[in-house]
Amino acid sequence: MSTHHLLDIQSLSTQDIEFLLQRASALKRGAAPRRLNGAIANLFLEPSTRTRVSFELAAKCLALDVVNIEATHSSVSKGESVLDSARTVSAMGVRALVVRQSVAGGVHDLVVGLDDWPVALINAGDGVNQHPSQALLDAALLHDRGLDWSRLRLAIIGDINHSRVARSSIELYRRLGVHEIRLAGPTEWLPNELSAHNVHCVHSVDEAIREVDVVIALRIQRERMQGQPGLDDAAFHATWGLTEARFAQLAEHVLVMHPGPINRGVELAGIVADHARSLILQQVQMGVFMRTAIFEWLLPD
Ligand code: CP
């Protein structure tokens, strides 16, 4: 049997997506995780708190051993290529390699480079390209709350173009048949072309959030903007942020999401982040359940 990987949303079948959303929700509601043998490795060459820790906790829920490898303490810092590091760790017998790195498509390249080595690769964020487990956990949370995709209107605001979360989420929500996805942010951070009838760019946050059900705020990805002029946080907040005043205009049922890490007073006001209708910490909680479901899905007994 060939080894399965989680590289992006596009490669998932509808059945895969349904399984992962339902399984994460079932785990959240108390279903027992399977018991798996062996070890997985987290190879994180970019910073992370929630993704790395939740993959580790998920693996431990399944009785898997976990090794954590970070750039500064790995032989990548001595010039070893990421592929040679991945090969080295795989040769020690890990069953899955969770990889975060800065090159778009870099995890796909590792799959090619590892050839048919029996290790499952999980993309934990590759540059501006994809962050499939984040998109899946966010959708699992909305699924768990019983929201109807065919009636749901979402706004995604902020730095869309540099966001791998946005790229994976737009694809996932489009696949799930979400009624409408509105994107808003500075013109240079908005996609030029959108291939789906239910995804639209709009020109202000107020337009984006009018009569939506969920507002997803995104962090400015400053680490991906070398050479571009600096942005003024206060001006960004006033023009593109989910301010306290904008939040007050929303209907009582509207939920706020953010994949994190958050910058209070920039993409959203601190009071909004801490509000009862903010799902930010529930997203983090669902992250452990979704990543447990992902290991169960990828790793045979
Ligand atoms: N959302 C997300 O990827 O967060 P971390 O960078 O903390 O993993």
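Everything below is about the structure shown above.
Residues numbered from 1 in each chain as written. Predicted model: local features only at pLDDT ≥ 70, side-chain atom pairs only at ≥ 80, totals over all residues. Heavy atoms only, no water.

Caption draft 1: Representation of the overall build of the protein chain in the model. Within the protein chain, the secondary structure is distributed over 11 helices and nine strands. Over its C-alpha trace the protein chain gives a radius of gyration of 19 Å, about what one expects of a compact globule, namely 19 Å for 301 residues. Principal axes of the C-alpha set define a box for the protein chain whose edges measure 55 × 45 × 35 Å. Split into buried and exposed, the 301 residues of the protein chain put 55% on the buried side. Sequence separation of at least 24 residues holds for 79% of the intrachain contacts in the protein chain that already meet a minimum separation of 6. Surface accessibility of the protein chain: about 13400 Å² in total, with carbon and sulfur atoms responsible for 51%. If the 28 positive side-chain charges of the protein chain are averaged to one point and the 34 negative ones to another, these points end up 4 Å apart. (Helix = DSSP H or I, 4+ residues; strand = E, 2+ residues; numbered from the N terminus. Rg over C-alpha atoms; globule rule 2.2 N^0.38 Å. Buried < 20%, exposed > 50% of the residue type's maximum accessible area, 1.4 Å probe, protein only. Contact = heavy atoms within 4.5 Å. Areas by Shrake-Rupley, 256 points an atom, 1.4 Å probe, with all protein chains shown as cover. Lys, Arg positive; Asp, Glu negative; His and termini not counted. Charge placed at Lys NZ, Arg CZ, Asp CG, Glu CD.)

Caption draft 2: Looking closely at helix α5 (residues 132-144). Over its 13 residues, α5 runs 18 Å from end to end, which matches the ideal 18 Å to within 8%, given 1.5 Å per residue. Of all 13 residues that make up α5, 12 are buried, and the element is covered over most of its length. Taken residue by residue, α5 has P132, S133, Q134, A135, L136, L137, D138, A139, A140, L141, L142 and D144 as its buried positions. Downstream of α5 by a residue or two, G146 has a phi angle that is positive, lying close to 80 degrees. (Expected span 1.5 Å × (residues − 1).)

Caption draft 3: Region of interest: the site of the ligand. Neighbouring residues of the ligand: S48, T49, R50, T51, R100, H131, Q134, P259, G260 and P261. Within the side chain of T51, an N or O atom sits 2.6 Å from an oxygen atom of the ligand. Within the backbone of G260, a nitrogen or oxygen atom sits 3.1 Å from a nitrogen atom of the ligand. In isolation the ligand has 250 Å² of accessible area, and contact with the protein removes 92% of it. Counting atoms within 2 Å of the grid points, the majority share of the ligand lands in the largest pocket. For the shell around the ligand, a count of residues per class yields two nonpolar, six polar and two charged. (Near = heavy atom within 4 Å. Polar contact = N/O pair within 3.5 Å; in protein donor to acceptor, adjacent residues only side chain to side chain. 1 Å grid on protein atoms, 1.4 Å probe; cavity = no way out; pocket = protein on both sides within 12 Å on 5 of 7 lines; lining within 4 Å. Sits in = over half its atoms within 2 Å of the grid points. Nonpolar A, V, L, I, M, F, W, Y, C, P; charged D, E, K, R; others polar.)

Caption draft 4: Spatial organisation of the pattern of salt bridges. Scanning all chains against the criterion turns up 14 salt bridges. K28 is paired through a salt bridge with D144; the nearest N and O atoms lie 2.9 Å apart. Placement of the pair is K28 in helix α1 (residues 14-28) and D144 in helix α5, with a sequence separation of 116 residues. For D144, a relative accessible area of 10% puts it in the buried group. Among the ionic pairs, R182 bridges to E180, the shortest N-O distance being 3.0 Å. Of the two residues, R182 and E180, neither departs from the other in class, the shared state being buried. (Salt bridge = Lys/Arg side-chain N within 4 Å of Asp/Glu carboxyl O.)

Caption draft 5: Up close: the pairing of strand β2 (residues 65-70). Bridge count between strand β1 (residues 39-44) and β2: six bridges; the pairing is parallel. Considered in β2, the bridge of L43 is made with I69. In this view, the connection linking β1 to its parallel neighbour β2 by way of helix α2 (residues 50-61) has right-handed handedness. (Pairing = 2+ DSSP bridges. Right-handed = clockwise from strand over helix to strand, strands pointing away.)

Caption draft 6: Region of the structure containing the packing of aromatic side chains. Counted under the stated rule, the structure contains three aromatic pairs. Taking the centre distance of 6.1 Å and the plane angle of 50 degrees together, the rings of W149 and Y173 count as tilted. Highlighted residues: W149 in the loop between α5 and β5 (153-157) and Y173 in helix α6 (residues 164-176), separated in sequence by 24 residues. With respect to class, W149 is no different from Y173; both count as buried. Centre to centre, the rings of W189 and F236 are 5.9 Å apart; their planes meet at 40 degrees, and the pair counts as tilted. (Phe/Tyr/Trp six-rings, centres within 6.5 Å; stacked < 30°, edge-to-face > 60°.)

Caption draft 7: Looking closely at the packing of α5 against helix α11 (residues 280-298). Their axes nearest at 8 Å, the elements α5 and α11 cross at an angle of 110 degrees. With respect to each other, α5 and α11 are oriented roughly perpendicular. Between α5 and α11 lies a crossing of right-handed hand. In this structure, α5 uses S133, Q134, L136, L137, D138, A140, L141 and D144 to contact α11, whose residues at the interface are Q282, Q283, M286, G287, M290, R291 and I294. Here the contact of α5 with α11 is built from residues that sort into seven nonpolar, five polar and three charged. (Axes fitted to C-alpha atoms, helices over the stretch in contact; angles between N-to-C directions. Parallel < 35°, antiparallel > 145°, perpendicular 65-115°, else oblique. Left-handed = near helix turned anticlockwise from the far one by under 90°.)

Caption draft 8: Molecular detail of the side chain of D138. The residue D138 is located in helix α5 in this model. Buried and unpaired, D138 has no salt bridge, with R291 as the nearest side chain of opposite charge at 7.8 Å. Not counting chain neighbours up to four residues away, the residues in contact with D138 comprise V165, Y173, M257 and Q283.

Caption draft 9: Up close: helix α4 (residues 106-113). Those residues of α4 not exposed but buried are G106, V107, L110, V111 and G113. The buried side chains of α4 occupy one side of the element, clustering within an arc of 165 degrees when seen end-on. On its buried face, α4 is in contact with α3 (82-91), β3 (96-101) and β4 (120-126). (Arc of directions from axis to C-beta.)

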